[in-house]
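Report on the structure
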Amino acid sequence: WAMQLTASPLSSERKNAVTILGGAKVTAIVQQDDGKYVVTVNGEKTIGCDAVILAVGITAAQRLLETCAPIAAVPETAKWNKLRGVTCCAVRLFFRGALPSSIRMAMRDSPVAVCGLRMGNIPELVETGFCIYDLQRMQDEFQGEDVTALEVDFFRADALCEKSDKEVAELSLRAVSAALEISAIDPSSLADVSVVRARNAVSHFSVG
């Protein structure tokens, strides 16, 4: 029913009558004579289905189109090859103790801030938009007081993905300061940084 595309070993978790397969890459979808489907996972495991719901980015959908005749037979999918993906760089900034008060105050009305291009006249963000998430307010695992986390997701971030983790973290702090219109954030307040680079992996979109 639900599949997660990751590089981790195949594992399963069952909750509320839904089985989630971690590390499950859909490699084929075949329609049977009775109208039902057989989905092949990781090239070997098969799952019988009454229906298939696609919840993937456009680049993954394009790869499925090459191998799945039932999808290719749907007229609307002929347009998929005209669509494109963009590169995303997801940065988690872990702070010692509570988030800096300036960030908490600036985001008091919402745990999410959506930011457009050219934010703060930062040269690296001329074509790069981003979103800021206060993970302490959004995810249970960050409810403690010892370490708090902020996530910054950059889109159209090809150049950013070429930078080192340290450079990405420093740019993220500058971007947050510019977007929230607060003073510079001291890098020494960071306890750790996690950077995930997803090249050409996110469906391209244009706000508005």
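Reading guide: rules and limits
- Residues numbered from 1 in each chain as written.
- Predicted model: local features only at pLDDT ≥ 70, side-chain atom pairs only at ≥ 80, totals over all residues.
- Heavy atoms only, no water.
- Pairing = 2+ DSSP bridges.
- Helix = DSSP H or I, 4+ residues; strand = E, 2+ residues; numbered from the N terminus.
- Axes fitted to C-alpha atoms, helices over the stretch in contact; angles between N-to-C directions.
- Contact = heavy atoms within 4.5 Å.
- pLDDT = per-residue confidence, 0-100.
- Buried < 20%, exposed > 50% of the residue type's maximum accessible area, 1.4 Å probe, protein only.
- Patch = residues over 30% accessible without salt bridge, like charges linked within 9 Å, V, L, I, M, F, W, Y side chains within 5 Å.
- Areas by Shrake-Rupley, 256 points an atom, 1.4 Å probe, with all protein chains shown as cover.
- Salt bridge = Lys/Arg side-chain N within 4 Å of Asp/Glu carboxyl O.
- Expected span 1.5 Å × (residues − 1).

**Focus: the sheet that holds strand β8 (residues 112-115)**
- Ordered in space as β8-β9-β10-β7-β11, the five strands form an open sheet in which the pairing is antiparallel. With partners counted over all chains shown, the strands left at the sheet margins are β8 and β11 (190-203), one partner each. For this sheet the average axis-to-axis angle between neighbouring strands, irrespective of direction, equals 15°.
- Sheet analysis places strand β7 (residues 85-96) next to β11, joined by 10 bridges and oriented antiparallel. Considered in β11, the bridge of Gly-85 is made with Ser-203.
- Sitting on the sheet, helix α6 (residues 165-180) touches β7, β8, β9 (129-134), β10 (147-155) and β11, and the angle it makes with β7 is about 85°.

**Here we look at the confidence of the model for the chain**
- Taken over all residues, the pLDDT of the chain has a mean of 84, while the share at 70 or more is 89%.
- Here residues 1-10 is a poorly scored stretch, pLDDT under 50, and it has 30 contacts once near neighbours within four places are set aside; other chains count.

**Things to note about the side chain of Gln-62**
- Looking at the element boundaries, Gln-62 is found in helix α1 (residues 58-67).
- Filtering out sequence-adjacent residues up to four positions away, Gln-62 remains in contact with Trp-80, Asn-81 and Leu-83.

**So, α1**
- A large share of α1 lies buried, amounting to seven of its 10 residues.
- By the burial criterion, the buried members of α1 are Ile-58, Thr-59, Ala-60, Ala-61, Gln-62, Leu-64 and Leu-65.
- Those residues of α1 hidden inside the fold are in contact with β4 (26-31), α2 (69-72), β7 and β11.

**A closer look at a nonpolar patch on the surface**
- Among the surface-exposed residues, Val-52, Leu-54 and Val-56 lie close enough to one another that they form a single nonpolar patch of about 200 Å² accessible area.
- Summarising the element assignment, Val-52 is placed in the loop between β6 (45-49) and α1.

**Considerations on the pairing of β6**
- With five bridges joining them, strand β5 (residues 37-41) and β6 adopt antiparallel strand pairing. Bridge pairing links Val-38 to Gly-48 in β6.
- Here β5 folds back onto β6, and the loop between the two strands holds three residues, one of which, Asn-42, carries a positive phi near 55°.

**Topic: α6**
- In a regular helix each residue adds 1.5 Å, so 16 residues correspond to 22 Å; α6 covers 22 Å between its end C-alpha atoms and thus fits that length.
- Within α6, burial applies to Val-168, Ala-169, Leu-171, Ser-172, Leu-173, Ala-175, Val-176, Ser-177 and Leu-180.
- Following α6 by one or two positions, Glu-181 has its phi on the positive side, about 55°.

**Notes on the pattern of salt bridges**
- Considering all chains together, one arrives at seven salt bridges under this definition.
- Residues Arg-174 and Glu-124 are paired through a salt bridge, measuring 3.7 Å at the closest nitrogen-oxygen approach. Of this pair, Arg-174 sits in helix α6 while Glu-124 sits in the loop between β8 and β9; the two residues are 50 residues apart in sequence, bridging distant segments of the chain.
- Relative accessible area serves as the criterion here: at 34%, Glu-124 is assigned to the partly exposed category.
- Arg-197 serves as the salt-bridge partner of Asp-165, at 2.8 Å between the closest nitrogen and oxygen. Remark: Arg-197 occurs in strand β11 and Asp-165 occurs in helix α6; sequence separation between them is 32 residues.

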